[in-house]
Amino acid sequence: GGIGTFDSNNPELAEGDRIQISGTRGSFRGELQISPVTLLVPIDSEDVPEPRLVTAAEINAGDYQGELVAVDGTVTTVEVLSFGNQRVTLTDGGGADFAVYADSRTGVEEDAWTVGQAYTVRGILTIDDRDDPLPHRIEVRGPQDVAIGGSVVTIAEARAMEGENAIVEGVVSWQITWSGGNLYFFEDETAGMLAFHNSSSTDIPTLNRGDRIRIAGAVSSFRSEIQISPVTSVS
C-alpha cells in the first residue's frame, strides 16, 4: 500500500528514495499520513514503482489510497481554482466520473486540459473530504503525468491509416533543428515515422534523441513520406 507523510522539518527527499519512518499515524482532510516523531531516514534509492492501472470505480471507492496509479479518461469539466490550480473531472471507459487535482506549482497549467480530449493520467491517489461528490482524486506530480490518451496503435498500423487520425508512441531518433524544430522522426519496435508540425504551431516540443513521446494526430503523406501531424500537444 501507500501512505503520505508530513514532516515539518522538510527533509530533502527525491522520487525513488527508500525511507524508514517512526511516527504517529493520523489524517488530514481524510488523507491518512504519518507524522515522524523520532526518525525519517533515507536508506537507499531505487526505481519508482510502476503505476497501478485503476478504474474510476476503484478511485471513488478509495481503493489503493496513497499509491501511484494510472487511468484513462475523457475530460468533461475543468475548474480553475486559486493560484491557477485545477480540479478536473474525467469519465472512464465504463462511463463513471473521477476527479484529478493539479497544483500549478508542479508545472501543470490550465492549458494542459482540453474538454472532450482523452488522456492517460498518472499520479498519487489522494482524498480531500471537503470535495463533494468526488473526494477521492488523483493528484498529478507534474506535466509528465498528463498524457494524451486513448487507444494507441503501433507505428506500423498508423502508416496504413493515411487520411485517418491515430495515437502512436515511439522514441525520437532525429529532430531536424534547421527546419525550425517542426520535423522529427520517431519509431517503435514495428516501424518508424515522421512527425510534422505546421510552421505556425506554438506548441512545437523541444525533443532529444531517446525521448519517448505520444502523439495524437492526422496521418498523411508528403512526397511519399508517411507522416503524422499532431492535432493536440505532444506528450
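In this report, we go over the structure that sits alongside the text. (Residues numbered from 1 in each chain as written. Predicted model: local features only at pLDDT ≥ 70, side-chain atom pairs only at ≥ 80, totals over all residues. Heavy atoms only, no water.)

## Quick look at the overall build of the chain
Within the chain one finds 2 helices and 15 strands. Dimensions along the principal axes, computed over C-alpha positions, put the chain at roughly 65 × 40 × 35 Å. Per-residue burial over the chain gives 38% buried out of 235 residues. As presented, the chain carries roughly 13,000 Å² of accessible surface, and 48% of it is formed by carbon and sulfur atoms. Here the chain contributes 15 positive and 36 negative side-chain charges, whose respective centroids are spaced 2 Å apart. (Helix = DSSP H or I, 4+ residues; strand = E, 2+ residues; numbered from the N terminus. Buried < 20%, exposed > 50% of the residue type's maximum accessible area, 1.4 Å probe, protein only. Areas by Shrake-Rupley, 256 points an atom, 1.4 Å probe, with all protein chains shown as cover. Lys, Arg positive; Asp, Glu negative; His and termini not counted. Charge placed at Lys NZ, Arg CZ, Asp CG, Glu CD.)

## Thoughts on a nonpolar patch on the surface
Where nonpolar side chains cluster on the molecular surface, the patch consists of L13, I19 and I21 and spans about 190 Å² of accessible area. With respect to the helices, strands and loops of the structure, L13 is situated in the loop between strand 1 (4-5) and strand 2 (17-28). By relative accessible area, which is 37% here, L13 ends up partly exposed. (Patch = residues over 30% accessible without salt bridge, like charges linked within 9 Å, V, L, I, M, F, W, Y side chains within 5 Å. Salt bridge = Lys/Arg side-chain N within 4 Å of Asp/Glu carboxyl O.)

## Quick look at the pairing of strand 14 (residues 212-222)
Where strand 11 (residues 165-176) and strand 14 come together, 7 bridges link them in antiparallel fashion. From the neighbouring strand, I167 faces strand 14, where its bridge partner is A216. What sits between strand 14 and strand 15 (residues 225-230) in their antiparallel hairpin is a turn of 2 residues, with R223 showing a positive phi close to 55°. (Pairing = 2+ DSSP bridges.)

## Some words on the packing of aromatic side chains
All told, the structure shown has 3 aromatic pairs when counted by the stated rule. A centroid spacing of 6.5 Å and a plane angle of 50° characterise the contact between Y184 and F186, whose relative ring orientation is tilted. Note that R137 overlies the ring of Y101, its terminal NZ or CZ placed 4.1 Å from the centroid. (Phe/Tyr/Trp six-rings, centres within 6.5 Å; stacked < 30°, edge-to-face > 60°. Lys NZ or Arg CZ within 6 Å of the ring centre and 35° of its normal.)

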